[in-house]
Structure formats: structure tokens, C-alpha cells
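# Chains, contacts and geometry: an overview
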Amino acid sequence: MGKVLAVSVLIVVIFLAGIGFYFYQLYTVAKNIKIEEAKLVDVSLEGFNPAVLDFYPEKVNFIFGIVVDNPSNYGLVLDKVEYQVYVENRYLGEGFKENVYIPSNTKTSLNFTVESNTTEILEIIFDMIKREDTVIDYKLNGTITLPIKLFGAFKVLSVRIPFTHEGSYHLDILEGLKPFSKIFSSSKT
């Protein structure tokens, strides 16, 4: 009976030590992981053809990039990366990526596209042409959700890490339209 009790206690101690070590790993990752960079990478205008005097795009695609820094010695899978995008202080859209693997000791780049064909964003572009403005301001809000799993398999809870980034992006395509700004200034949208 004494040997059974000793083996049972040993198994419980090993089990609790394993849980403690695993939670320490996750604590280290959660404490150190961060969004190092978030920026607007590219803007493309679909259906926009100044050569035939078609100045009103059908759709605007925004490509954003974030860099997730995991300086810990442990790789992990993020449950979700969620984001909301604002352009010129107006809500543009939102989205998410799920099950994103972030290796240990790396900076991992993630890109995502927000597509807009709303009249509001098209009016922003049209207004920029009228003002001869080629710089668009944006804001990116989001959270990364880090799962806490028991033995790497059973999700116990999640830690949400918020991020915010604001910046400006130069729209090269609008540079050549400055001569047309007077035409747009006199017309109504």
C-alpha cells in the first residue's frame, strides 16, 4: 500500500510540475509577444482609368501588414488576429485570421486585405483628387488572441493582447491627377 501511495504522489507531483512548466512557457510567451509593426503596405484602385477619364474607382483594396514578434523560446499558434481599419477617421472594415503559427525567436509578417466598394471610401479618394492631396491617413486597431492550453491540447482560457497603429500612406497613383483637380472642384459629387 505504501508503494502505491508513493507512486501516486509521484505521478501527481510530475503532473503538477508539467502543468506548472507549461503555464510558465505560456506566461513567458504572453508577456513578451507583441505587434512590433503595423502599416499600410499598398492601396490599389480597381476600375480607375484616368486615360479614358474614368476617375471614380469601383473598388479600393487596402493591404495591411503586421509584424508579430515572439522573442521567447517557444513557438505558438494564435487563436485569432482581429483587426478594424479606419481611413481618414472613417470606419473602413474589419477582418480576422485564425490559427496563425508564430515560431519561436522570430518576427513573423502577416498581410491581410480590406476591400471597400463603399461610396464613403470612394468619396474620400474623389475628395483627395479635388484637394490635390496624395496622402491618406489610416488607423489600425486589433487584438491577438493567445490560447492557454493544457498539455498543448485542451484550451483552458485565452489572453487577448490589443494593438493600435496610426500612420499615413502616399498614394502615388493620385500624383498624376493633380492637373484634373480644378475639374473636380467645379463639379459636384
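Residues numbered from 1 in each chain as written. Predicted model: local features only at pLDDT ≥ 70, side-chain atom pairs only at ≥ 80, totals over all residues. Heavy atoms only, no water.

### Observations concerning the nonpolar core
If you look at the biggest cluster of nonpolar residues, it comprises 38 residues, and the most contacted ones within it are Phe 62, Phe 64, Ile 66, Leu 78, Ile 136 and Leu 140. Not counting residues within four places of it along the chain, the set of residues in contact with Leu 78 comprises Ile 33, Glu 98, Asn 99, Val 100, Ile 102, Ile 144, Thr 145, Leu 146 and Pro 147. (Core = buried A, V, L, I, M, F, W, Y, C linked by side-chain atoms within 4.5 Å. Buried < 20%, exposed > 50% of the residue type's maximum accessible area, 1.4 Å probe, protein only. Contact = heavy atoms within 4.5 Å.)

### Observations concerning the confidence of the model for the protein
Per-residue pLDDT for the protein has a mean of 78; in total, 78% of the residues score no lower than 70. When mean pLDDT is taken per element in the protein, strand β4 (residues 90–102) scores highest with 89 and helix α3 (residues 181–186) scores lowest with 52. (pLDDT = per-residue confidence, 0-100. Helix = DSSP H or I, 4+ residues; strand = E, 2+ residues; numbered from the N terminus.)

### Quick look at the environment of Thr 145
As for its position among the elements, Thr 145 is in strand β6 (residues 135–150). In sequence terms Thr 145 and Val 159 are 14 residues apart; their C-alpha atoms lie 5.7 Å from each other.

### Some details on the pattern of salt bridges
Enumeration according to the criterion identifies 4 salt bridges in this entry. In this structure, Lys 39 and Glu 37 form a salt bridge, with 3.7 Å as the shortest nitrogen-oxygen distance. The exposure class assigned to Glu 37 is partly exposed, which follows from its relative accessible area of 35%. (Salt bridge = Lys/Arg side-chain N within 4 Å of Asp/Glu carboxyl O.)

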